[in-house]
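# What the coordinates show
Each chain, written out:
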Amino acid sequence: MEAHKTGKKLKSGQENILVVDDDVSVRTTFSSILRQEGYRVTAVKNGYEAIMAINEESFDLALVDLRMPGLDGIEVLEKIKTRRPQTQVIIYTGYGSVTTAVEAMRKGAADYLNKPFFPDELKAGVKKGLENGRE
């Protein structure tokens, strides 16, 4: 688990984000972009690690890849929403379809993004998801 855990209380306004992707380059890129924006980021390589992380701490938002070995993104979404319903979840994929987008939204996803997307699109999606969680 590639975690950025300091054990310190988060500064006011510093949201805690979980990145779940089996591709190390995606985890690294997303983590870097989000940390530069001032977010606290924990990055994990699969759904099982995501569930362990969710059980250990509270996240404001989770970015979850749809296709991963073991638990897929929809299963991770369901488990997050069961354990931490306040956590906003954004599902993203390079294999998008209307069917999976509808299923993700029906099961509580805050958003559904198709890869590839630019860093500004990632930042905007995260900002939107976090704002939805404050409503």
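In this report, we go over the structure that sits alongside the text.

Calculation criteria
- Residues numbered from 1 in each chain as written.
- Predicted model: local features only at pLDDT ≥ 70, side-chain atom pairs only at ≥ 80, totals over all residues.
- Heavy atoms only, no water.
- Phe/Tyr/Trp six-rings, centres within 6.5 Å; stacked < 30°, edge-to-face > 60°.
- Lys NZ or Arg CZ within 6 Å of the ring centre and 35° of its normal.
- Axes fitted to C-alpha atoms, helices over the stretch in contact; angles between N-to-C directions.
- Helix = DSSP H or I, 4+ residues; strand = E, 2+ residues; numbered from the N terminus.
- Parallel < 35°, antiparallel > 145°, perpendicular 65-115°, else oblique.
- Contact = heavy atoms within 4.5 Å.
- Nonpolar A, V, L, I, M, F, W, Y, C, P; charged D, E, K, R; others polar.
- Left-handed = near helix turned anticlockwise from the far one by under 90°.
- Salt bridge = Lys/Arg side-chain N within 4 Å of Asp/Glu carboxyl O.
- Buried < 20%, exposed > 50% of the residue type's maximum accessible area, 1.4 Å probe, protein only.

### Some remarks on the packing of aromatic side chains
- For the coordinates displayed, the defined rule picks out three aromatic pairs.
- The rings of Phe30, Tyr92 and Phe117 are connected pair by pair, giving a single aromatic cluster.
- Above the ring of tyrosine 95, the side-chain terminus of arginine 67 is found at 4.1 Å from the ring centroid.

### Here we look at the packing of helix α2 (residues 47–56) against helix α3 (residues 73–83)
- Close contact between α2 and α3 brings their axes to 10 Å; oriented N to C, the two are set at 10°. Judged on the interaxial angle alone, α3 and α2 are roughly parallel. Packed against α2, whose contacting residues are Gly47, Ala50, Ile51, Ile54 and Asn55, the element α3 presents Val76, Lys79, Ile80 and Arg83 at the interface.
- The residue makeup of the contact of α2 with α3, split by class, is five nonpolar, two polar and two charged.

### A short note on the packing of helix α1 (residues 24–36) against helix α5 (residues 119–134)
- In contact at an axis separation of 11 Å, α1 and α5 are set at 65° when each is read in the N-to-C sense. Considering only the axes of α1 and α5, their crossing is right-handed. Contacts from Phe30, Ile33 and Leu34 of α1 reach α5 at Pro119, Leu122, Lys123 and Val126.
- When its residues are assigned to classes, the contact of α1 with α5 shows six nonpolar, no polar and one charged.

### As for the pattern of salt bridges
- As enumerated under the stated definition, the model contains six salt bridges in all.
- The partner of glutamate 103 in a salt bridge is lysine 107, with the nearest N and O atoms 3.5 Å apart.
- Here aspartate 111 makes a salt bridge to lysine 128, at a shortest N to O gap of 3.8 Å. One end of the pair, aspartate 111, is in strand β6 (residues 111–114); the other, lysine 128, is in helix α5, with 17 residues separating them in the sequence.
- On the accessibility criterion, lysine 128 (42% relative accessible area) is partly exposed.

### So, the environment of isoleucine 54
- Note on placement: isoleucine 54 falls in helix α2.
- The exposure class of isoleucine 54 is buried, given its relative accessible area of 0%.
- Considering only alpha carbons, one finds isoleucine 54 and arginine 84, 30 residues apart in sequence, at a separation of 7.4 Å.
- With residues near it in sequence (within four places) discarded, isoleucine 54 still touches Leu18, Phe59, Ile80, Arg83 and Arg84.

### Points about unusual backbone geometry
- Cis geometry is found at the peptide bond from lysine 115 to proline 116, where omega equals -5°.
- Counting through the fold element by element, proline 116 comes out in the loop between β6 and α5.

It is worth stressing that arrangement in space is one thing and function is another; only the former is reported here.
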